[in-house]
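Observations on the model geometry
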Amino acid sequence: MFISDRVPALDLDAVETPCFVIDLGALTSNLELLRQVQQAAGCKILLALKGFAAFPTFGLVRQYLPGVTSSSPHEARLGRAEFGGEVHVCAPAYSDADFDELLTLCDHAVFNSFSQWQRLRPRYDRHRAAGGRPLEFGIRLNPEHREVDVELYDPCGACSRLGVTREQFRPDLLDGISGLHFHNLCELGSDALERTLAVVEAKFGEFLGRMKWINMGGGHHITRPDYDVERLVRIVRAFRERWGVEVYLEPGEAIALGTGVLVARVLDVVRNGMEIAILDTSATAHMPDVLEMPYRPEIVGAGLPGERAHTVRLGGLTCLAGDVIGDYSFDRPLQVGDTLVFRDMAHYTMVKTSTFNGVRTPSIATWDPAVRRLQVHRRFVYGDYASRLG
Ligand SMILES: *Cc1c(COP(=O)(O)O)cnc(C)c1O
């Protein structure tokens, strides 16, 4: 499913490392599916820029999706500049200055509380009085319905700051609000959305019919092979028709799922109780979700510890003792210069890298299977590191 499986002829040993390689063929397949969902369900799917944003892919994504959702003025500006479609924003709070900037960039803005809506509305009135662009506003709901097991990623956990609970909901402040938003999923199926919708309808049903649109957030793993796409289409269609609203979905991960790899090399092999390879990449700086989530990335040609003849711990370049990707086994001992390919590294990687320890950020390349071309678009240099230090 990934580059090296689909395209064995791509000479990965020739790829400079560390490097993210985005497979434009795999990305196109995902986008084709998302287009079918939009057509069949009659909804709009936006790219959540926080999950996946890469300049060489914007032109392609734009052909399939009507816009983006952002979390900040910088993302909104990127969306406005690179997409030209709808730009939405949703964040836990907006400062006055950020909100004023967002008013010049966005089509929809979602408030995390009624107090933010009340506080910032006069700024929108002034913006309009001065001839500024019209926007539509929504309120983020907290349906208090839990589907995510990992606390770090559960917007509906105990005492969550995200969204307005039914108890805090203010029907008296709905004037000027044209949509409702909820986001309580993470890497989940359409069954989880179906259960969530039942709760949203039970708790907030009396307000749904008054709205123009409902935004069902992200976390829909639509492009995962076992995702029940038919169920998604069925429930979104039914919801739309039942309430007479437009529906938005705003996944990040689903756009880029399975579309890229991180290629790295072995720099050294040491021993301390076991064999340990030091790579020219880093868990903490290049794939922080490995430590945050945490999860074990797949590596092409590697197995679980003990599964193949040689078990090795893979460690990163930084000083952090815990900068360890995990223990893997290979058919032969790893040697200096060996190339390793980490699967599924397009989403929540390029957008999350840091320059901790000054380690070089992986280059960003695309593989175009149609013309069999690997193109490096970006190499990171000293200035990229230095410019963030003040
Ligand atoms: C993170 C987030 C998304 C995108 O989530 P994915 O898991 O990448 O699909 C969409 N909307 C909101 C409000 C989010 O916080």
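As a reminder, the structure under discussion sits directly above these lines.
Residues numbered from 1 in each chain as written. Predicted model: local features only at pLDDT ≥ 70, side-chain atom pairs only at ≥ 80, totals over all residues. Heavy atoms only, no water.

**Quick look at helix H6 (residues 114-129)**
We apply this condition: Counting from the N terminus, the helices are DSSP H or I runs at least four residues long and the strands are E runs at least two residues long. A helix's residues, less one, multiplied by 1.5 Å, set its expected span. Buried, partly exposed and exposed residues are distinguished by accessible area as a fraction of the type maximum, computed with a 1.4 Å probe on protein chains only: under 20%, between the cut-offs, and over 50%, respectively. Contacts were defined at the residue level, with two residues in contact if any of their heavy atoms lie within 4.5 Å.
An ideal rise of 1.5 Å per residue puts 22 Å on 16 residues; H6 measures up with 23 Å between its terminal C-alpha atoms. All of the buried residues along H6 are Phe114, Gln116, Trp117, Leu120, Tyr124 and His127. In this structure, the buried side of H6 is in contact with helix H5 (96-103), strand S6 (108-111), strand S7 (136-141) and strand S8 (177-182). Among the residues trailing H6, Gly131 stands out with phi positive, at a value near 90 degrees.

**As for the pairing of strand S17 (residues 373-378)**
The following threshold applies: For two strands to be treated as a pair, DSSP must find no fewer than two bridges joining them.
Summarising the sheet, strand S16 (residues 363-368) and S17 pair through five bridges and their orientation is antiparallel. Pairing of Ile364 across the sheet is with Arg378, part of S17. The hairpin turn running from S16 into S17, its antiparallel successor, is four residues long, and Arg372 in that turn takes a positive phi close to 55 degrees.

**A few points about the sheet that holds strand S9 (residues 213-215)**
The line we're drawing: For every element, the axis is a line fit to its C-alpha atoms; helices are fit only across the contacting stretch, and the angle between N-to-C directions ranges from 0 to 180 degrees.
Spatially, S2-S10-S9-S8-S7-S6-S5-S4-S3 is the arrangement adopted by the nine strands of the open sheet, whose pairing is parallel. Taken across any chain shown, the strands that pair with only one partner, and hence form the sheet edges, are strand S2 (44-45) and strand S3 (47-48). When strand S5 (residues 86-90) meets S6, the two strands line up parallel, connected through three bridges. Residue pairing for S6: Cys90 is matched across the bridge by Val110. Sheet contacts for helix H7 (residues 190-208): S7, S8 and S9; angle to S8, the most-contacted strand, approximately 150 degrees.

**Considerations on the packing of H5 against H6**
Put simply, the rule reads: Here is the rule for angles: anything less than 35 degrees is roughly parallel, anything more than 145 is roughly antiparallel, 65 through 115 is roughly perpendicular, and the remaining ranges are oblique. Each helix crossing is assigned a hand: it is left-handed if the near helix lies turned anticlockwise from the far helix by less than a right angle, otherwise right-handed if that turn is clockwise. For this scheme, ten residues count as nonpolar: Ala, Val, Leu, Ile, Met, Phe, Trp, Tyr, Cys and Pro. Four count as charged, namely Asp, Glu, Lys and Arg, and the remainder, Gly too, count as polar.
Where H5 meets H6, the axes come as close as 10 Å, and the angle between the chain directions of the two elements is 40 degrees. Here H6 runs oblique to H5, going by the angle between their axes. Our pair here, H5 against H6, has a crossing hand that is right-handed. Contacts between H5 and H6 pair Asp96, Phe99, Asp100 and Leu103 from the former with Arg119, Leu120, Arg123, Tyr124 and His127 from the latter. Of the residues belonging to the contact of H5 with H6, the class tally is four nonpolar, one polar and four charged.

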